[in-house]
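Report on the structure
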Amino acid sequence: MTQHLVGTTEKKTAGTSGAKTPLTLLGLGAMGTALARAWLAEGHPLTVWNRTPARAAALVGEGARAGDDAAEAVAANRLVVVCLLDDASVSEALDGTDLAGKDLVNLTTTTPAEARARARWAQERGARYLDGGIMAVPPMIGVPGAGGYILHSGSQELFEEHRETLGVPAGATWVGTDPGFAALYDMALLGAMYGMFAGAAHAFALVRKEDVDPVALAPLLADWLVAMAPSVHRTAANLRSGDYTEGVVSNLAMQVAGTPAFLRAAEEQGVSAELLRPYFDLMRRRLAGGGGDEDLTGVVDLLVR
Ligand code: FVH
């Protein structure tokens, strides 16, 4: 299976590339509305549809055309972007639409298996298909330099055909021909994000009953997380080489020896250690298996069933 990461397409300045591709967008939730505004701001003729029609009203005032129903909105343009709640809502919204000859880009968060099934489903209906995963929150959409990007997978040719349009809301990045890869990357990155949120929740809980202003802790916390984030490059290099002792800075034996202090500190502060404990258990299992000279890379293998 081909897997490539190609350069991100940053938002283009209006008027640099002639006529703008017209498109249809199904789904005007928080994210869909932000996407719609980005395309309208770049001058793309836009047809929108939402299950609750009232959500289209403001966008119509800003230049969008509202389809009477999903089928009519889909019929309006070759390029159809979908940004709905989940895979089930995509089934519901597209039921009864004619997708023959359409280029369907599904930015709804789904699992890799759902994305692959959706690609086959679209192909059976005569559509070309790209899956997508949005690595941004709505305020980052249409804001160059905000750090957001959108992962795409499926036909590279189709991606290239629509690269400019797809790159308007946030940088467009193609991650492989396997239509499940955008969802796979999305789940991996968002999963890591939730791990970070869990760690931050523990940190704030620890100081909650003390005379510590959470606003004073926040910049220290953010800077620390940013400082530690590059450790993923070492993990990745060790996973690739298979040598988990290479370049180790803080070995597992030392780190496991420190874990009881974290549990005692939580106890002292009247804080549940339920977010830390599962990770500490994995560290201890790896140590028991002989990984004392490694860093934390071995935990990855304990997770893979
Ligand atoms: N918002 C965010 O921070 C995240 C950032 C990362 C990517 N996600 C994903 O984007 C998808 C859409 O998210 P959203 O923020 O727009 O979500 P909501 O504001 O809750 O809007 C949901 C839209 O889905 C429509 N909808 C729900 N069920 C159905 C259905 N059965 N049939 C047709 N449409 C349906 C809903 O319509 P309505 O309630 O207004 O009638 C909204 O348009 C999502 O996959 C995130 O994971 C966002």
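A brief structural summary. (Residues numbered from 1 in each chain as written. Predicted model: local features only at pLDDT ≥ 70, side-chain atom pairs only at ≥ 80, totals over all residues. Heavy atoms only, no water.)

Concerning the environment of Gly67
Mapped onto the elements of the fold, Gly67 is located in the loop between strand S3 (65-66) and helix H3 (70-76). Residue Gly67 is classed as buried on the basis of its relative accessible area, which comes to 12%. Each C-alpha atom, one on Gly67 and one on Thr24, is 9.0 Å from the other, the two residues being 43 residues apart in sequence. (Helix = DSSP H or I, 4+ residues; strand = E, 2+ residues; numbered from the N terminus. Buried < 20%, exposed > 50% of the residue type's maximum accessible area, 1.4 Å probe, protein only.)

Describing the site of the ligand
Taken together, 21 residues surround the ligand, and among them Asn50, Arg51, Thr52, Arg55 and Thr109 come closest. Taking Gly29, its main chain carries an N or O atom lying 3.2 Å from an oxygen atom of the ligand. Coverage of the ligand by the protein amounts to 78% of the 910 Å² it exposes when considered alone. Considering each element in turn, the shell around the ligand owes the most residues, three residues, to helix H1 (residues 30-41). Within the shell around the ligand, the residues separate by chemical class into 10 nonpolar, eight polar and three charged. (Near = heavy atom within 4 Å. Polar contact = N/O pair within 3.5 Å; in protein donor to acceptor, adjacent residues only side chain to side chain. Areas by Shrake-Rupley, 256 points an atom, 1.4 Å probe, with all protein chains shown as cover. Nonpolar A, V, L, I, M, F, W, Y, C, P; charged D, E, K, R; others polar.)

Notes on the packing of helix H10 (residues 252-269) against helix H11 (residues 277-288)
Two elements in contact, H10 and H11, have axes separated by 10 Å at closest approach and are oriented at 145°. The interaxial crossing formed by H10 with H11 has left-handed handedness. Every residue of H11 that contacts H10 at Leu252, Ala253, Gln255, Val256, Thr259, Phe262 and Leu263 is listed here: Arg277, Phe280, Met283, Arg284, Arg286 and Leu287. Across the contact of H10 with H11, the residue classes tally to eight nonpolar, two polar and three charged. (Axes fitted to C-alpha atoms, helices over the stretch in contact; angles between N-to-C directions. Left-handed = near helix turned anticlockwise from the far one by under 90°. Contact = heavy atoms within 4.5 Å.)

Side note on helix H5 (residues 112-124)
Along its 13 residues, H5 runs 19 Å from first to last C-alpha, staying within 8% of the 18 Å computed at 1.5 Å per residue. Those residues of H5 not exposed but buried are Pro112, Ala115, Arg118, Ala119, Trp121 and Ala122. For H5, the secondary structure elements touched by its buried residues are helix H4 (87-94), strand S5 (103-106), strand S6 (128-135) and helix H7 (181-207). Gly126 lies just past H5 and shows a positive phi near 85°. (Expected span 1.5 Å × (residues − 1).)

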